[in-house]
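# Coordinate analysis (summary)
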Amino acid sequence: MEQTKTLKLVPELSNEKLKGLYKQMWLIRYFDEQVDQFFAKGMIHGTTHLAVGQEATAAGACALLSDEDKITSTHRGHGHSIAKGGRVDKMMAELFGRTTGYCKGKGGSMHIADLDKGNLGAMGIVGGGIPLAVGSALTAHMKKLDYVTVCFFGDGASNEGSFHEAINMASIWDLPVVFFCENNQYGMSGNVSEMTNVENIADRAAAYGIPGVVIDGNDIIEVINATYEATERARLGEGPTLIEAKTYRWKGHSKSDAKKYRTRDEEKDWRDNRDPIKRFKEDLVEAGIATEDELETLKKAAKQEMDDAVEFAQNSPMPSLDELLTDVYA
Amino acid sequence: MEQTKTLKLVPELSNEKLKGLYKQMWLIRYFDEQVDQFFAKGMIHGTTHLAVGQEATAAGACALLSDEDKITSTHRGHGHSIAKGGRVDKMMAELFGRTTGYCKGKGGSMHIADLDKGNLGAMGIVGGGIPLAVGSALTAHMKKLDYVTVCFFGDGASNEGSFHEAINMASIWDLPVVFFCENNQYGMSGNVSEMTNVENIADRAAAYGIPGVVIDGNDIIEVINATYEATERARLGEGPTLIEAKTYRWKGHSKSDAKKYRTRDEEKDWRDNRDPIKRFKEDLVEAGIATEDELETLKKAAKQEMDDAVEFAQNSPMPSLDELLTDVYA
Amino acid sequence: MREITYLEAVREAMSIEMRKNDDVFLMGEDIGVYGGAFGVSRGMIEEFGPERIRNTPISEAGIAGAAVGSALTGMRPIMELQFSDFITIALDQIVNQAAKLRYMYGGKGKVPMVVRTPSGSGTGAAAQHSQSLEAWVTHIPGLKVVQPSTAYDAKGLLKAALDDDNPVIFYEHKLLYKTSSEVPEEEYSIPLGKAEVKREGTDITIVATAIMVHKALEAAAELEKEGISVEVVDPRTLVPLDTETIIKSVAKTGHLVVVHEAVKRGGFGGEIASMIAESEAFDYLDAPIKRLGGVETPIPYNPELEKAAIPQVPDIVNAVKETLTKKAVAK
Amino acid sequence: MREITYLEAVREAMSIEMRKNDDVFLMGEDIGVYGGAFGVSRGMIEEFGPERIRNTPISEAGIAGAAVGSALTGMRPIMELQFSDFITIALDQIVNQAAKLRYMYGGKGKVPMVVRTPSGSGTGAAAQHSQSLEAWVTHIPGLKVVQPSTAYDAKGLLKAALDDDNPVIFYEHKLLYKTSSEVPEEEYSIPLGKAEVKREGTDITIVATAIMVHKALEAAAELEKEGISVEVVDPRTLVPLDTETIIKSVAKTGHLVVVHEAVKRGGFGGEIASMIAESEAFDYLDAPIKRLGGVETPIPYNPELEKAAIPQVPDIVNAVKETLTKKAVAK
Ligand SMILES: Cc1ncc(C[n+]2csc(CCOP(=O)(O)OP(=O)(O)O)c2C)c(N)n1
Ligand SMILES: Cc1ncc(C[n+]2csc(CCOP(=O)(O)OP(=O)(O)O)c2C)c(N)n1
Ligand SMILES: [Mg+2]
Ligand SMILES: [Mg+2]
């Protein structure tokens, strides 16, 4: 396994899997860029939160999860959904409010869930998914199932009380859950350095006696390794881990954002010098896992998948008004 | 100042002040023991939470506070109230539901407040006072007043989201507030070692980049020193401190508690070997600050004050029914 | 038949279910050896062990969220919220997650959880431990809301709540815990959404909830002496609400008094009264509807003030008399 | 007179007050350079600086509690709660502390704070960002609750809220932010507890709140064409509620339709309808009261479903017609 050594990968991943991840990262990027355009054109209503620039965290953290494993996602959740096996056509249909969407058009961008694939859903309440992930881990613990739950949340969410209560509970019960903080430096506009008094969100692990790990969230290899170790630990019954992946969202917070709270230079730096896809591409090529051409083909395939998804979404039917009153109670 | 050296006191306190604290500790103990008896006899209704055994934390933490300085208190707040200058007659009258009580009989044991003395009030919601203390500190900060706010809460409260949100806010704004955790080992029944995964609650300071200090809460000298340092720091604009004082409540959680969650041996150990009043007495005598006789006289004076308070309370009038509808809106 | 207390009935309903179904467990503060703040779960940890009688930290939002997450993934949690006043802390998970997940997900997933919580005043615990906030949750689509008034109802309704695949908020009144009634040993279920006429009468209908059912019955007994025949309807579940039974009763009596302990303003009595004012029963109303509820103050500590803050038997008696004398004029 | 938007009116009221009174400050998430999620505070940090336009972490309970504590100690905070749905997180501090401290303390202390928060659906933000939960806070003694429907009202009511020594929850409707009306430049105050008849009429009264005021006015204009004269009453503040103006109108018209966006079940419409059903106006009612409110579902994402979830102009028109044809029979 010459190449994985070069990649410094801890778990073993086949070349096919690695190339699949590369394609997936493009799929995530294309999806959110497409959504951005549709919003700009007024073709999608509501609001949306794009994760362009953060592809490595979603793809890397979910890389080794099975369909039995669970995730909880956030308002910025398209990437998580794709990485957990979600179909971009059903996702795009959801954003178009169509019956073929993941939520039959009732949830929209912020609430995509795919329970069959272990995606417990995107939550629009910042920090709202953290206790929920603990509950999912509690089920695994009580039913002696060996799935793990990876809980995504942002740097901003780490200031919610739910973060504190939930991680404390998981820590005392040694639950199989991985708290995965995507620190993209900002909440909506608040910089993490203004909103917390610690250098790293992962430092907060000390409050719960659990490991706290800081990684480069734009290096998918680091993300895979850290999540692998944390999930292994969780499966062994040793309890939760708090992973903090430093990353950056290239776009504004949501559809309307003048981004006054940061500089264009800062954005350019992340975009030009820390693009997670570009970096993975270089790694793959250098490690001899794929050629530039192969990767270009994968990228094109991702684009094609997106184009198909858009077509599917646009051709899907709108829900009938009868749908309004269904699905409230089970 | 020979004696204060022996006492290892950092701030300077006059002998009178120290003797006053000794008497105050007895007043706190007598108050709560009296309340305990009244409850047992059915003379007071509702519920109550006694701090017998925890006298050093209240008395020590408030020892150097002025009337301008503020505290926020808890359901277990009689000691805090007395230590912050509260009058036991008005407190006892409150427990008897009389018009002469601190709250005119409307608040009862759990809600005694004395705004004139800087006691912002006892809160019945566990953790509820922590954000409130931050607000009080924010006022000091914004109005450039130099009072500090000491926020009392328990080990159990440190698992509430409000603890996390509030301390984080205070830490980023360097507010003049001291978070004073009275770790009496238990919530209502949950032992702190089962309910958190850290050795010390003070370890949680790491999550906010503030100092965390562990002290023996049954040694009033340690309490005075630690609070002094924290308030000095606060007044200098250097921000909050989290103090954890290890202590123990001798009585049950509230009026009905079979105390099945702990052993009689454990209770006996704290009572016999770590009585904060006995300890302070020995310190005072050894340091030559007071004689046994003098201290006995102070103790008797405290008892007398309590007896007077009870008489005052019992002879005070009940509120008229008209009182029901007043005081809702300012 | 044997009599047991309301508290025992709640415990029994939980225990029977937990013996049968491993997915059911109880989670909350001090529910272990302490037995819960009111002793409801006393003895349960001895039978079911600490995994299924799961003592939690003081973290209402965390507990509620863990309940939601475990329910979504296959468990059937019961959360004991120590005092119903603390729902203020747990509400996001209950209202924004539990109640909405299934709808937001287009009908996928379910959240079968029961939040059991003691409410009401009368214990001298003052403003932060004595509220009746059930109206809040009735306003939230996706939740069901139950308020048993007797031991018998408590056992049967809790069984139905536990069988329900939706989040159910189950209000237990503190002062009812020690009241007894005949309760079968075996399990039975009282469907959610079925009111019960607790006393039949012909002159006036009182719709009363929780402890007010008993006060209404007392008032009815007094009024009977004066020849006034009172029908007392206990909705038992606020959501779903058995409008049919209430409407039928009002259509029969032509007079309606609604009584609850919760503060009158914004209380669920408004929903019941307006439901009638909107329904066909409106035409049968011979006098304005009268609502009784708590006064517009926090609950005070002093016991006399505390009693005065909520409707008492004489208030109900008076309300009935007033309603019966105040005939509609213009119509 | 110049016209400004509702959003500008809110900003102007805050700014005027902040210029005069150093104790007033604004605290909330992203209210600084970002200008708040809806842009209400845009430009204010430039004028007042970051101390008084205080950007907070995402900590709704912490912010609310800090507001309470600062109010109790002499400041007059305005808290911007980014979406009113998040009150689920801040509620303990608002309900168990802010609303009750003064009463619990026997009349000592006061908590002069304003919680400003955008509510309502129509932006496609789905179930967790579109609710109208004002009924909850109306149920809590100690709080005041304001719901302006126009730019003019927003400015005047916010001034009154800022002057009030009690906690006031101030609901701003998202879809009203961009609506304009004539608004004086100087400051003025609209007393809390004064309803306004937004349109006079003789056949029927519509009591409508927030955005429903505008839909009711549209409906009234349509109905006028058919010769139906509609009076539209906007309570403006739910607590205190101007029952007098509402009763007077209903006594005049003999018919009442109540409309709000909030879910009908457990909504404040129940309070208004029952208040009338209990009042002397009951005798003048010629038909059952009709309430319109949101359907019993979370707010869906799809724009057509979203619209269908809350009352629209045709629904109001129909409700009026139904009410006018459905005369009371029995009385
Ligand atoms: C409880 C709550 N508060 C505020 C918001 C509004 N809001 C949505 S996203 C966001 C920023 C979240 O920051 P972070 O957790 O870092 O995630 P990111 O957006 O950076 O991915 C805010 C404030 C919300 N949705 N929920
Ligand atoms: C929010 C909330 N949850 C639960 C309770 C019930 N309760 C009152 S005191 C208490 C234990 C508090 O423990 P701790 O903070 O350690 O304080 P202590 O009682 O030991 O002084 C509990 C659970 C409450 N009053 N408020
Ligand atoms: Mg972020
Ligand atoms: Mg404790």
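An unreviewed UniProt entry lists chain C under the name Alpha-ketoacid dehydrogenase subunit beta, from Oceanobacillus profundus. UniProt, in its Cofactor (unreviewed entry) section for chain C, records the words "thiamine diphosphate".

The name recorded for chain A in an unreviewed UniProt entry is Thiamine pyrophosphate-dependent dehydrogenase E1 component subunit alpha, from Oceanobacillus profundus. UniProt, in the comment section headed Cofactor (unreviewed entry), describes chain A in these words: "thiamine diphosphate".

Looking only at helices and strands, one finds 12 helices and 14 strands in chain C. Computed over C-alpha atoms, the radius of gyration of chain C comes to 20 Å, within 12% of the 20 Å expected from 2.2 N^0.38 for 331 residues, which places it in the range of a compact globule. With respect to the principal axes defined by its C-alpha atoms, chain C has extents near 60 × 45 × 40 Å. Relative to its 331 residues, chain C shows a buried fraction of 75%. A fraction of 83% describes how many contacts in chain C between residues 6 or more apart in sequence connect residues 24 or more apart. For chain C, the accessible surface area stands at approximately 8,800 Å², while carbon and sulfur atoms represent 50% of it. Seen as two clouds, the 35 positive and the 47 negative side-chain charges of chain C have centres 2 Å apart.

This part covers the pattern of salt bridges. Residue and element names in this part refer to chain B. One pass over the full model with this rule turns up 108 salt bridges over all chains. Notably, a salt bridge pairs Lys259 with Glu267, separated by 3.5 Å at the nearest N-O pair. Here Lys259 falls in the buried class, since its relative accessible area comes to 17%.

Bringing the coordination of the magnesium ion (ligand 4) into the picture now. Residue and element names in this part refer to chain B. Coordination sphere of the magnesium ion (ligand 4), protein contribution only: Asp155 (OD), Asn184 (OD1) and Tyr186 (O), at 2.0 to 2.1 Å. Each donor residue of the magnesium ion (ligand 4) lies on one chain, and together they are spaced D-x28-N-x1-Y. Of this pair, Asp155 sits in the loop between β3 (149–154) and α7 (161–172) while Tyr186 sits in the loop between β4 (177–183) and α8 (192–195), and the two are 31 residues apart along the sequence. When its relative accessible area of 2% is taken as the criterion, Asp155 is described as buried. Judged by its relative accessible area of 4%, Tyr186 falls in the buried class.

Around ligand 1, a shell composed of 23 residues is seen, among which His75, Arg76, Gly124 and Gly156 of chain A together with Glu60 of chain D lie nearest. Contact distances for ligand 1 include 2.8 Å between an oxygen atom and a side-chain N or O atom of Arg76 of chain A. In this structure, an oxygen atom belonging to ligand 1 sits 2.9 Å away from a main-chain N or O atom of Ala157 of chain A. Coverage of ligand 1 by the protein chains reaches 97% of its 570 Å² of free accessible surface. Residues belonging to the shell around ligand 1 are distributed by class as follows: 8 nonpolar, 9 polar and 6 charged.

Moving on to the sheet that holds strand β2 (residues 119–122) of chain B. All names here are of chain B. Strand order across the open sheet formed by 6 strands is β2-β1-β3-β4-β6-β5, with parallel pairing between neighbours. Each having just a single partner strand, β2 and β5 (212–216) make up the two edges of the open sheet. When the angles between neighbouring strand axes are averaged without regard to direction, this sheet yields 15 degrees. Strand direction decides the pairing type here: β5 and strand β6 (residues 241–246), joined by 5 bridges, are parallel. Of the residues in β6, the one forming a bridge with Val214 is Glu244. Sheet strands in contact with α7 are β3, β4 and β6, and its direction is about 150 degrees off that of β4.

Let us now look at the domain arrangement of chain C. Residue and element names in this part refer to chain C. Segmentation of chain C into domains returns domain 1 (3–182) and domain 2 (196–330). Using C-alpha coordinates to define each centre, domain 1 is positioned 27 Å away from domain 2. Taken together, the contacts link 26 residues of domain 1 with 24 residues of domain 2. Carbon and sulfur atoms supply 59% of the area buried between domain 1 and domain 2, which totals about 2,000 Å² over both sides.

The rules behind the values
Residues numbered from 1 in each chain as written. Chains lettered and ligands numbered in written order. Predicted model: local features only at pLDDT ≥ 70, side-chain atom pairs only at ≥ 80, totals over all residues. Heavy atoms only, no water. UniProt positions renumbered as here; feature names shortened; annotations may be inferred. Helix = DSSP H or I, 4+ residues; strand = E, 2+ residues; numbered from the N terminus. Rg over C-alpha atoms; globule rule 2.2 N^0.38 Å. Buried < 20%, exposed > 50% of the residue type's maximum accessible area, 1.4 Å probe, protein only. Contact = heavy atoms within 4.5 Å. Areas by Shrake-Rupley, 256 points an atom, 1.4 Å probe, with all protein chains shown as cover. Lys, Arg positive; Asp, Glu negative; His and termini not counted. Charge placed at Lys NZ, Arg CZ, Asp CG, Glu CD. Salt bridge = Lys/Arg side-chain N within 4 Å of Asp/Glu carboxyl O. Donors = N, O, S within 2.8 Å, 3.2 Å for Na, K, Ca; no water. Near = heavy atom within 4 Å. Polar contact = N/O pair within 3.5 Å; in protein donor to acceptor, adjacent residues only side chain to side chain. Nonpolar A, V, L, I, M, F, W, Y, C, P; charged D, E, K, R; others polar. Pairing = 2+ DSSP bridges. Axes fitted to C-alpha atoms, helices over the stretch in contact; angles between N-to-C directions. Domains from an automatic or database assignment. Buried area = accessible area lost by both parts, 1.4 Å probe.

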